[in-house]
Amino acid sequence: MTERTYFTYKGIPLPTMGYSEESLSYMENEFQLLDDDVVTVSYPKSGTNWMLEILGLIWHDGDPSWVQSVLMSDRSPWIETADGLNVALNYPPPRFLTTHLPFQLFPKSFLHSKCKIIYVMRNPKDVLVSHYHFAKFFQPLEEPGTMEEFVEKFLNGNVIYGSWFDHVKGWMKMNRPNVFFISYEELHQDLRGSVKRICYFLGKELDSHQLDEVVKYASFQIMKDNKMSNFSQIPEEYMNHKKGKFMRKGICGDWKNHLTVAQSEHFDHVYQEKMQGVGVTFPWD
Ligand code: PPS
């Protein structure tokens with residue numbers, strides 16, 4: 001298997017390592033979503049794992065035992081990876097599933113399912129910076145090159161899972177009661193309030209103490225020390241642990257420390273062009 005290269009599946013770049021056309025096609029055309037599935041969907045580096053930790057804690061009434069004893073990839077498999085699909089197929093319901101897929105590649109069974117979807121989004125400049133750092137030590141990803149080069153790749157959608165703009169716009173068209181949208185910035189600004197909204201969407205009631213426990217165990221610091229969630233158990237073949245950490249900074253606005261004024265202005269220009277007519281004000285706008 002060749003490392004650090006991508007292939008395209010229906011026009012979307014994906015890593016050669018861990019993905020196959022065969023399992024993607026199965027997932028898209030045959031995989032059955034069940035009515036009691038909860039699927040976290042996001043563009044990479046948008047706060048996916050944070051949401052997965054929150055969901056695991058909510059499901060267990062704030063008790064951290066499950067999230068601290070079962071690996072994230074077994075709790076909430078990524079259905080588009082060959083291994084994740086296998087875990088999902090053997091997962092007793094109710095299932096927590098995860099994907100970074102754009103809407104057009106999502107399992108077709110969604111159209112007849114009442115499964116719940118939580119779509120997490122984040123300021124794309126912070127997504128870019130998080131991806132740039134992650135790509136330096138996560139072996140399936142292409143080397144990012146310089147920041148100047150990576151900004152261009154990101155804006156042109158020449159990164160895994162394609163264009164951030166297409167991803168967000170595609171999913172935002174899914175205006176259905178079983179699709180819930182939330183941003184990384186909202187989680188940061190008011191985690192307790194966000195957890196309450198997620199509980200309401202899931203139809204799960206937590207008392208005040210249980211809510212406090214979810215907030216406590218989903219904090220950056222506690223998650224950073226949770227071996228089941230901090231990616232420290234990922235084999236060296238996939239991740240060069242000496243070069244960086246998945247739980248990097250966990251803040252909003254880190255892009256200001258990495259993009260030059262010119263890069264940021266260029267980004268804004270493309271952003272305005274691509275997001276024209278979307279008619280939504282995002283927390284980072
Ligand atoms: S991935 O690899 O695409 O699944 O990454 P993803 O989980 O979507 O996003 C990784 C970023 O989320 C940050 N993170 C958190 N921030 C705040 N609080 C908590 N608990 C938390 N958990 C993960 C993580 O640090 C990555 O952001 P950066 O900016 O790189 O720190």
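Residues numbered from 1 in each chain as written. Predicted model: local features only at pLDDT ≥ 70, side-chain atom pairs only at ≥ 80, totals over all residues. Heavy atoms only, no water.

The name recorded for the protein in an unreviewed UniProt entry is Sulfotransferase, from Pogona vitticeps. As stated in UniProt under Sequence similarities (unreviewed entry), the record for the protein gives "Belongs to the sulfotransferase 1 family." (UniProt positions renumbered as here; feature names shortened; annotations may be inferred.)

This paragraph deals with the nonpolar core. Residues Ile54, Ile58, Ile117, Ile118, Leu128, Trp164 and Ile198 are the most contacted members of the largest nonpolar core, which totals 89 residues. With 7 residues, the single largest contributor to this core is helix H2 (residues 48-59). With near-sequence residues (within four places) excluded, Ile58 lies in contact with Val195, Ile198, Cys199, Leu202, Lys204, Leu206 and Val214. (Core = buried A, V, L, I, M, F, W, Y, C linked by side-chain atoms within 4.5 Å. Buried < 20%, exposed > 50% of the residue type's maximum accessible area, 1.4 Å probe, protein only. Helix = DSSP H or I, 4+ residues; strand = E, 2+ residues; numbered from the N terminus. Contact = heavy atoms within 4.5 Å.)

Our next topic: the packing of aromatic side chains. Enumeration over the complete set of coordinates arrives at 24 aromatic pairs. Taken together, a centroid distance of 6.2 Å and an interplanar angle of 45° make the contact between Trp66 and Phe96 tilted. Of the two residues, Trp66 is situated in the loop between H2 and helix H3 (72-75) and Phe96 in strand S4 (residues 96-99); the sequence distance between them amounts to 30 residues. Seen from their ring centres, Tyr132 and Phe150 are 5.9 Å apart, and the 50° between their planes marks the pair as tilted. Taken together, the residues Tyr132 in helix H5 (residues 124-134) and Phe150 in helix H6 (residues 147-155) connect sequence positions 18 residues apart. Of the two residues examined, Tyr132 and Phe150, each falls in the buried class. In this structure an aromatic cluster arises from ring pairing among Phe103, Phe106, Phe110, Tyr119, Trp171 and Phe181. Between Arg122 and the ring centre of Tyr184, over which it is positioned, the NZ or CZ distance is 3.8 Å. (Phe/Tyr/Trp six-rings, centres within 6.5 Å; stacked < 30°, edge-to-face > 60°. Lys NZ or Arg CZ within 6 Å of the ring centre and 35° of its normal.)

Once that is clear, we can look at the environment of Asn86. Tracing the chain through its elements places Asn86 in helix H4 (residues 82-89). Distance from Asn86 to Ser23, taken between C-alpha atoms, is 9.3 Å for residues 63 residues apart in sequence.

Our focus in this paragraph is the state of the cysteines. According to the stated counting rule, one finds 0 disulfides in the structure shown. Distance from the sulfur of Cys199, which forms no disulfide, to the nearest cysteine sulfur (Cys115) is 19 Å. (Disulfide = S-S within 2.5 Å.)

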